Amino acid sequence: VNAPVPINVGLLGLGTVGGGVAQALAAKQKAIAAHVGCPIRVTHVLVRDALRERRVAGGAVITSDPDEILDDPDVRIVVEVMGGETPALDYVQRAIHAGKHVVTANKELMAKHGPEILANAAEHHVSVQFEGSVGGGIPIIGPLVRDLLANDITAVNAIINGTTNFMLTSMAGGDLDYASALRRAQELGYAEADPANDVDGIDAAYKLAILASLAFRTRVHADDVYREGIGRLTSADFRYAEELGYVIKLLAIGRRNGSTAQVRVHPALVPAEHPLAKVDGVLNAVELEGDLVGWAMFQGPGAGSDPTASAVVGDILEIARALAGGGCFPVPPALDGDVTLLPMADIETQYYLRLRAADRPGVMAQVAQVLGDRQVSLASVIQKEPPRSDGSAEIVITTHTAREAAVQEAVHAIEGLESVIEVSNLIRIEDGAR
Ligand code: NAP
Ligand code: HSE
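How each quantity is defined
- Residues numbered from 1 in each chain as written.
- Chains lettered and ligands numbered in written order.
- Predicted model: local features only at pLDDT ≥ 70, side-chain atom pairs only at ≥ 80, totals over all residues.
- Heavy atoms only, no water.
- Salt bridge = Lys/Arg side-chain N within 4 Å of Asp/Glu carboxyl O.
- Helix = DSSP H or I, 4+ residues; strand = E, 2+ residues; numbered from the N terminus.
- Buried < 20%, exposed > 50% of the residue type's maximum accessible area, 1.4 Å probe, protein only.
- Phe/Tyr/Trp six-rings, centres within 6.5 Å; stacked < 30°, edge-to-face > 60°.
- Lys NZ or Arg CZ within 6 Å of the ring centre and 35° of its normal.
- 1 Å grid on protein atoms, 1.4 Å probe; cavity = no way out; pocket = protein on both sides within 12 Å on 5 of 7 lines; lining within 4 Å.
- Points joined across faces, edges and corners; volume = space filled by probe spheres on them.
- Nonpolar A, V, L, I, M, F, W, Y, C, P; charged D, E, K, R; others polar.

### A word on the pattern of salt bridges
Piece 1. Scanning the model with the defined rule gives 21 salt bridges in all.
Piece 2. In this structure, R264 engages E430 in a salt bridge whose closest nitrogen and oxygen atoms are separated by 2.9 Å. Residue R264 is found in strand 10 (residues 260-271), and its partner E430 is found in the segment after strand 18 (420-429); the two are separated by 166 residues along the sequence. The exposure classification of R264 matches that of E430, with both residues buried.
Piece 3. Between R356 and D390 there is a salt bridge, with the nearest N and O atoms lying 2.8 Å from each other. Of this pair, R356 sits in strand 14 (residues 348-358) while D390 sits in the loop between strand 15 (378-383) and strand 16 (392-399), and the two are 34 residues apart along the sequence.

In structure tokens form, the structure reads like this:
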């Protein structure tokens, strides 16, 4: 009996994720061959610096020449774990043109070019899988394109950046300050090559663009997502949030209401008893509401070598099993829904406002007047005694549900009050998330 012919894989990238993928494929080769019906073999690995010493089990060729992989007819699956838009987009499109199947963990690529890549793949009868691009090891793309396809999804609330969730958890617990928490997240392999992508909310916005496109079956581009990072949060915000019964999370929020939708990434106060408030450290979670399933929540490690390798290798196995079984791949879901995205000014939520003002009579009344004039109603006010050494007082206000445009206008007017020294922070409160 002839031995089954292996399925050859070309790996683009051998960093945190690529290294984990190579290691998992090598360590589990026997079980994988049993699942698939034939072995899976990494034949080539693309890196920038091919002279640096690295070990890949199985004797794969390490190269800095992408043509060695993209022009090799024996490579059936290309796994893109390099990151970035260029040259990853070119390599992925070339692989598809050459009839190769693609697995990628690159959220930037899929958020910016996903629909074109999937259309190209359909034209060339190959599969593109991207489970590792959102939520690290959490299965969420598979459920959206398959298990939940019968649903109309109206809400997505997600924590989808492991680096910032790790940082916020460490900062809230008083364990690490911002800089040390970021450094630790980098050491643990959670952060992007440029960690500004994590802390500025760019990575979460890419992931929300992918999730919202699939959930709302429309094209949501990364640039459509409103975005704020975690850079303005201070220990005072964590303290007040706890006092008010909240936890601060970087939330990715998508809502669909008929033909309109909103997509936004920003820090948010989440009630301490909400399931998302308990998602700590590098864990991520995506909760969504479908008309059939109701609320469902997916949770697990959102970054790191092994968890992301779990998702990427799962995608490789799905393709390999289809190839071994005759090569039938489902068409990607259509993203042709007619949905208009609401401008941020039109969203409605609750707010937390922290400001510093002169500690004298009448100041709070002035601030309340500015808010009231714009139909922003107060839910609570905290003023700390004794006043600060410079004679100023810190005031924290929470509001009932109000329109973003009205709140922004009020903040601008409050900043202009003679008695107000600064508006230190404005954070949205997501109380009605469920
Ligand atoms: P990484 O550790 O920086 O590794 C990148 C790898 O790609 C390196 O081996 C690098 O080569 C290679 N590479 C980069 N640009 C290249 C180019 N132009 N030509 C040839 N090789 C190139 O990155 P990572 O953390 O593994 O992330 C990879 C991708 O997975 C990114 O899209 C990221 O967003 C995504 N992702 C990461 C995680 C995570 O937890 N880290 C989780 C989910 C998804 P050298 O080794 O020679 O530098
Ligand atoms: N930098 C990303 C994060 C990696 O921290 O979530 C996982 O996509």
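### Notes on the packing of aromatic side chains
Piece 1. Within this structure, the stated rule accounts for one aromatic pair.
Piece 2. Here F166 and Y190 contribute two aromatic rings whose centre-to-centre distance is 5.7 Å and whose plane-to-plane angle is 70°, an arrangement assigned as edge-to-face. Of this pair, F166 sits in helix 7 (residues 162-172) while Y190 sits in the loop between helix 8 (178-187) and helix 9 (196-199), and the two are 24 residues apart along the sequence. There is no split in this pair, since F166 and Y190 are both buried.
Piece 3. Lying across the ring of Y240, R239 places its NZ or CZ 5.8 Å from the centre.

### Remarks on empty space enclosed by the protein
Piece 1. Per the stated rule, a full pass over the model turns up two cavities of 30 Å³ or more.
Piece 2. The wall of the largest cavity is formed by 13 residues, among which M110, G114, P115, S213 and L335 lie closest to the centre.
Piece 3. Elements supplying a minimum of two residues to the lining of the largest cavity: helix 5 (107-123) and helix 10 (202-216).
Piece 4. Among the elements that line the lining of the largest cavity, the one with the most residues is helix 5, at five residues.
Piece 5. Its residues assigned to classes, the lining of the largest cavity shows 10 nonpolar, two polar and one charged.
Piece 6. Of the voids in this model, the second largest cavity is the one considered here, and its volume is about 30 Å³.
Piece 7. Every residue lining the second largest cavity is listed: Y351, L353, L371, V376, T399, V407, A410, V411 and L426.
Piece 8. Going through the elements one at a time, strand 14 and helix 14 (404-415) are the ones with two or more residues in the lining of the second largest cavity.
Piece 9. The element best represented in the lining of the second largest cavity is helix 14, accounting for three residues.
Piece 10. Here the lining of the second largest cavity is built from residues that sort into eight nonpolar, one polar and no charged.

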